[in-house]
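Examination of the molecular architecture
Each chain, written out:
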Amino acid sequence: MALRTLATRRRLGLGFQSIRGFQTFSLPDLPYDYGALEPAISGEIMQLHHQKHHQTYITNYNKALEQLDAAMAKGDAPTVVKLQSAIKFNGGGHVNHSIFWKNLAPVHEGGGEPPKGSLGSTIDTNFGSLEALIQKMNAEGAAVQGSGWVWLGVDKELKKLVIETTANQDPLVTKGSLVPLLGIDVWEHAYYLQYKNVRPDYLKNIWKVMNWKYASEVYEKECP
Amino acid sequence: MELHHKKHHQTYVTNYNNALQQLDAAMAKGDTPTVVKLQSPIKFNGGGHINHSIFWKNLAPVSEGGGEPPKHSLGWAIDLHFGSLEALIQKMNAEGAALQGSGWVWLGLDKEFKRLVVETTANQDPLLTKGPSLVPLLGIDVWEHAYYLQYKNVKPDYLKNIWKVMNWKYASEVYEKECP
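Residues numbered from 1 in each chain as written. Chains lettered and ligands numbered in written order. Predicted model: local features only at pLDDT ≥ 70, side-chain atom pairs only at ≥ 80, totals over all residues. Heavy atoms only, no water.

In the nomenclature of an unreviewed UniProt entry, chain B corresponds to Superoxide dismutase from the organism Actinidia rufa.

Stated formally: UniProt positions are given in the numbering used here, feature names are shortened, and annotations may be inferred rather than shown by experiment.
As recorded by an unreviewed UniProt entry, chain A carries the name Superoxide dismutase and is attributed to Actinidia rufa. In its Subunit (unreviewed entry) section, UniProt records this for chain A: "Homotetramer." Entered under Subcellular location (unreviewed entry) in the UniProt record, the comment concerning chain A runs "Mitochondrion matrix".

Listed below in C-alpha cells is the structure:
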C-alpha cells in the first residue's frame, strides 16, 4: 500500500484544520498457484479472476479515492456524493475478493478439511451439521438474482453464525455488524468458463477447496 | 448463443411458469403473504423472459440485414436526439460498460414525449420499470453469460462488436408503430 499525504493545511468552512492523506491499494498475491485449486476451480478462471477482475476493482478504487480526495479538498459535495457509487462498487470488489482468495486453499494445504474446534461445534449447534450449512449456503447462492455473494458470517453483537447474501460487490458489513468468515463469489465470471450456466455444480465443488482454517481463525478472534 | 437460448432463457421461462402457477394457487386461497413473496421470482423470471424475447429479435445475421444502419424516421430521430448514430452507439456502450453487476442497456422510446432515451436496468428488470411509457427498441444483455466465453472480462469488445449484428429493421418497426 502507498501512503500519499497532502501536506497542505486547509481551513475547512467549519473553522478547523486537517492534514489529509489516503492510502492506495495494490493486488495481493494469491497464496497458491492459479492451477492449485483444480479440478474444483480451473486455473484459467483463477488467473482471469485475480489478474483481471480483482485488479480492475483495485485500479478503479484507487482512481475513485483520488477523485474523492480532490472533491473533499474543494468542498464539492455533489461530487463527493456522486463518487459513493464507484467507491462502494470498487472498494467492495477489492474487500470481497481479498477475503475470497484466503477462503480457498489447495487440497494439500488443507482445502476442504472440515472445521474443527469451536467453529465446528458452533456450526453443528446452529445448523445441525456441516452438510446442512453447506446445503443452505448453496441454496442461497444458487438463488441470488444477478451478481453477488453468499456469506457465512458471525454477528459480532449476538455472537451468532449467519448466512447472508449481498448484491453485486456489496461487502457483508452492509448487512449489519457482521464479520465475514467465508464468502462465495456467485458472479458468473467466477465459474462460467468451467461450469457454464450450472452454478449449482460450482457451488457443490467449491467446498472441496474451502479453507476452513482461515474461517476458524477469524471466528475464534470474534468469539474467544 | 446456444447456451444463452437453450439454458438461460429456457430457465427463465420454466421458473416463470412455476411462479405463475404458485401465484395462481395463492390468489385462489387469498394467501397474501405468498402472493407478495412471489413478486420477486415473477419479476426476475418474467423479466428475464421478456428481455430475452426482445433480444433475439434485436439481432440478425449480416446476410439478413444485421448491422445495417437505421433509415427513415428512426434514423432521423437518432441524428436529432444524439447527433449521429456513432454518438448513440458510443453512449450506449459507455453505459453498458459502466453497469455495475448484471443488467441491460436499452435504446427506448418515451411514448409520452416521443423522445428517444438510453437507459440501463439491473438484473432482469424490464425497461418499463424505469418508466411506464418507455418502449424498448433495442436492448443489449450485459450479464456476463452474454459474452464471457468469447470475450472474457473485456465487456467493451463485446459491446463494440454486437452492433455488427444489430437488427435495426426491428427497432424501426417498433418506433414507427409508436411514432407514425
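Points about the sheet that holds strand β1 (residues 103-110) of chain B
Residue and element names in this part refer to chain B. For clarity, the threshold we go by: Here a strand pair is declared whenever DSSP counts at least two bridges between the two strands. To qualify as a helix, a DSSP run of H or I must reach at least 4 residues; to qualify as a strand, a run of E must reach at least 2; elements of each kind are numbered from the N terminus. With axes taken as lines fitted to C-alpha atoms, and helix axes fitted only over the stretch in contact, angles between N-to-C directions fall between 0 and 180 degrees. Any two residues whose heavy atoms approach within 4.5 Å at even a single point are treated as in contact.
In spatial order, the strands read β2-β1-β3; together these 3 strands make up an open sheet with antiparallel pairing. Edge positions in the open sheet fall to β2 (115-122) and β3 (134-141), since each of these has one partner strand only. Each strand axis lies, on average, 25° off the axis of its neighbour in the sheet, ignoring direction. As paired strands, β1 and β2 are joined by 8 bridges and run antiparallel to one another. What sits directly across from Leu107, in β2, is Val118. Packing against the sheet, helix α5 (residues 85-98) makes contact with β1, β2 and β3, and its axis sits at approximately 140° to β1.

Side note on the UniProt feature "domain: Manganese/iron superoxide dismutase C-terminal" (unreviewed entry) in chain A
Under the present numbering, the feature "domain: Manganese/iron superoxide dismutase C-terminal" (unreviewed entry) in UniProt falls on residues 115-217 of chain A. Helix and strand shares over residues 115-217 of chain A are 42% and 23% respectively, and the end C-alpha atoms of the span are 10 Å apart.

So, the interface of chain B and chain A
Many authors give the size of an interface as the accessible area that is lost as the parts come together. Selection rule: A quick way to say it: buried area is the sum, across both parts, of accessible area lost when two parts are put together, with a 1.4 Å probe. Salt-bridge detection follows one rule: a side-chain nitrogen of Lys or Arg within 4 Å of a carboxyl oxygen of Asp or Glu. Nonpolar residues are Ala, Val, Leu, Ile, Met, Phe, Trp, Tyr, Cys and Pro. Charged residues are Asp, Glu, Lys and Arg, and all others, Gly as well, are polar.
Residue-level contacts link 17 residues of chain B with 18 residues of chain A. The largest share of the area that chain B buries against chain A comes from B:Gln100, B:Glu144 and B:Tyr148, three residues that together contribute 34% of it. Joining chain B to chain A, the criterion identifies 0 salt bridges. Here the residues of the side of chain B that touches chain A are counted per class, giving 6 nonpolar, 8 polar and 3 charged.

Overview of the packing of helix α1 (residues 2-29) of chain B against helix α3 (residues 39-58) of chain B
Residue and element names in this part refer to chain B. Put simply, the rule is: An angle below 35 degrees is read as roughly parallel, one above 145 as roughly antiparallel, one from 65 to 115 as roughly perpendicular, and any other as oblique. A clockwise turn of the near helix away from the far one marks a right-handed crossing, whereas an anticlockwise turn of less than a right angle marks a left-handed crossing.
Where α1 contacts α3, the axes come no closer than 8 Å and their chain directions differ by 140°. The angle between α1 and α3 falls in the class oblique. The crossing of α1 and α3 is left-handed. Of the residues in α3, those touching α1 at His4, His5, His9, Thr11, Tyr12, Val13, Asn15, Tyr16, Ala19, Leu20 and Leu23 are Gln39, Pro41, Ile42, Phe44, Asn45, Gly46, Gly48, His49, His52, Ser53, Phe55 and Trp56.

Considering the pattern of salt bridges
All names here are of chain A. Under the convention used in this document: Summary of the burial criterion: residues with accessible area below 20% of their type's maximum are buried, those above 50% are exposed, and those between are partly exposed, where the area comes from a 1.4 Å probe applied to protein chains only.
Scanning the model with the defined rule gives 9 salt bridges over all chains in all. Among the ionic pairs, Glu164 bridges to Lys175, the shortest N-O distance being 3.4 Å. You can see Glu164 sitting in strand β4 (residues 160-167) and its partner Lys175 sitting in the loop between β4 and β5 (178-185), a full 11 residues away along the chain. Owing to a relative accessible area of 44%, Lys175 belongs among the partly exposed residues under this scheme.

Let's talk about the pairing of β1(B)
Residues and elements named next belong to chain B. Burial analysis of β1 places 8 of its 8 residues in the buried class, the great majority of the element. Side chains Gly103, Val105, Leu107 and Leu109 of β1 all project onto a buried face; the interleaved residues Trp104, Trp106, Gly108 and Asp110 project onto the opposite face, where all are buried too. With antiparallel pairing between neighbouring strands as the criterion, β1 and β2 make up a hairpin whose turn holds 4 residues, including Lys114 at a positive phi of roughly 55°. Note: β1 against β3, 7 bridges, orientation antiparallel. Looking across to β3, one finds that Leu107 is bridged to Leu138.

Focus: the packing of α5(B) against helix α7 (residues 155-162) of chain B
Residue and element names in this part refer to chain B. Packing of α5 against α7 brings their axes to within 10 Å, and their N-to-C directions diverge by 150°. Compared by their axis directions, α5 and α7 come out roughly antiparallel. When the axes of α5 and α7 are compared, the crossing they make is right-handed. Between α5 and α7, the residues in contact are Asn93, Gly96 and Ala97 and Lys155, Leu159 and Lys160, respectively. Considered class by class, the residues forming the contact of α5 with α7 number 2 nonpolar, 2 polar and 2 charged.

A closer look at the domain arrangement of chain B
All names here are of chain B. Just so we agree on the cut-off: Domain start and stop positions are those given by an automatic or database domain assignment. Pairs of N or O atoms are called polar contacts if they sit within 3.5 Å, as long as, within protein, a hydrogen donor faces a hydrogen acceptor (for residues adjacent in sequence, only side-chain-to-side-chain pairs).
The domain architecture assigned to chain B consists of domain 1 (1-61) and domain 2 (63-177). Here the C-alpha centre of domain 2 lies 22 Å away from the C-alpha centre of domain 1. Of the roughly 1,800 Å² buried at the junction of domain 1 and domain 2 (both faces included), carbon and sulfur atoms supply 63%. Sorting the residues of domain 1 by area buried against domain 2 places Asn51, Asn58 and Pro61 first, and these three jointly supply 32% of that buried surface. Scanning the region where domain 1 abuts domain 2 turns up 1 salt bridge. For the pair domain 1 and domain 2, the interface holds 15 residue pairs in polar contact (both at pLDDT 80 or more).

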